[in-house]
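Coordinates in review
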Amino acid sequence: ELFKTAVPALLYLLQNNLQYVAVSNLNAATYQVTYQLKILSTALLSVSLLGRQLSRTKWFALLVLTIGVGAVQLSEMSDQGLFLFFRKCK
């Protein structure tokens, strides 16, 4: 039982420390949207480590959240010209 709770706790510790690095390197909008991935990681860990089951509605909400984060990241890449750089490399 201790192992099941220790792993997520250590991952949260790591994630919270990395947030300070992210705040100093990302703009506010990108940071805020990317921060929402904490919800996804919590859901995946609770399913895999704790054996919980999520309803279809919750899985759909997690999918929408992930798509939203991806859309913001792609938008940031295109604003910075990185998206065009990767397209030229193909």
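Reading the values: rules and limits
- Residues numbered from 1 in each chain as written.
- Predicted model: local features only at pLDDT ≥ 70, side-chain atom pairs only at ≥ 80, totals over all residues.
- Heavy atoms only, no water.
- Helix = DSSP H or I, 4+ residues; strand = E, 2+ residues; numbered from the N terminus.
- Polar contact = N/O pair within 3.5 Å; in protein donor to acceptor, adjacent residues only side chain to side chain.
- Contact = heavy atoms within 4.5 Å.
- Patch = residues over 30% accessible without salt bridge, like charges linked within 9 Å, V, L, I, M, F, W, Y side chains within 5 Å.
- Areas by Shrake-Rupley, 256 points an atom, 1.4 Å probe, with all protein chains shown as cover.
- Salt bridge = Lys/Arg side-chain N within 4 Å of Asp/Glu carboxyl O.
- Buried < 20%, exposed > 50% of the residue type's maximum accessible area, 1.4 Å probe, protein only.
- Axes fitted to C-alpha atoms, helices over the stretch in contact; angles between N-to-C directions.
- Parallel < 35°, antiparallel > 145°, perpendicular 65-115°, else oblique.
- Nonpolar A, V, L, I, M, F, W, Y, C, P; charged D, E, K, R; others polar.
- Expected span 1.5 Å × (residues − 1).

With that out of the way, let us pick up the side chain of Ser-46. Relative to the helices and strands, Ser-46 is located in helix α3 (residues 37-48). A polar atom in the side chain of Ser-46 sits 2.9 Å from the backbone oxygen of Ala-43. Not counting chain neighbours up to four residues away, the residues in contact with Ser-46 comprise Gly-51 and Arg-52.

The next subject is the environment of Tyr-31. Following the sequence through the fold, Tyr-31 ends up in helix α2 (residues 28-35). The sequence separation of Tyr-31 and Gln-19 amounts to 12 residues, and the corresponding C-alpha distance is 8.6 Å. In this view, Tyr-31 contacts Gln-19, Ala-22, Val-23 and Leu-26; residues no more than four positions away in its chain are not counted.

A cluster of nonpolar side chains, contributed by Leu-11, Leu-14, Leu-18 and Val-21, occupies part of the molecular surface with about 350 Å² of accessible area. Locating Leu-14 in the fold gives a position in helix α1 (residues 2-25). Taking relative accessible area as the criterion, Leu-14 reaches 49% and is therefore assigned partly exposed.

In this section: the packing of α1 against α3. Interhelical geometry of α1 versus α3 gives an angle of 170° and a closest axis separation of 12 Å. Classified by the angle between their axes, α1 and α3 sit roughly antiparallel to one another. Within the contact between the two elements, α1 uses Leu-11, Tyr-12, Gln-15, Asn-16 and Gln-19 and α3 uses Lys-38, Ser-41, Thr-42 and Leu-45. Of the residues assigned to the contact of α1 with α3, the class counts are 3 nonpolar, 5 polar and 1 charged.

This next bit is on α3. In this model α3 runs 16 Å from its N-terminal to its C-terminal C-alpha over 12 residues, within 8% of the 16 Å that 1.5 Å per residue would give. Turning to α3, its buried residues are Lys-38, Leu-40, Ala-43 and Ser-46.

The next subject is the environment of Ala-22. Tracing the sequence through the fold places Ala-22 in helix α1. Judged by its relative accessible area of 19%, Ala-22 is buried. Spatially, the C-alpha atoms of Ala-22 and Thr-34 are 9.5 Å apart, while their sequence positions differ by 12 residues.

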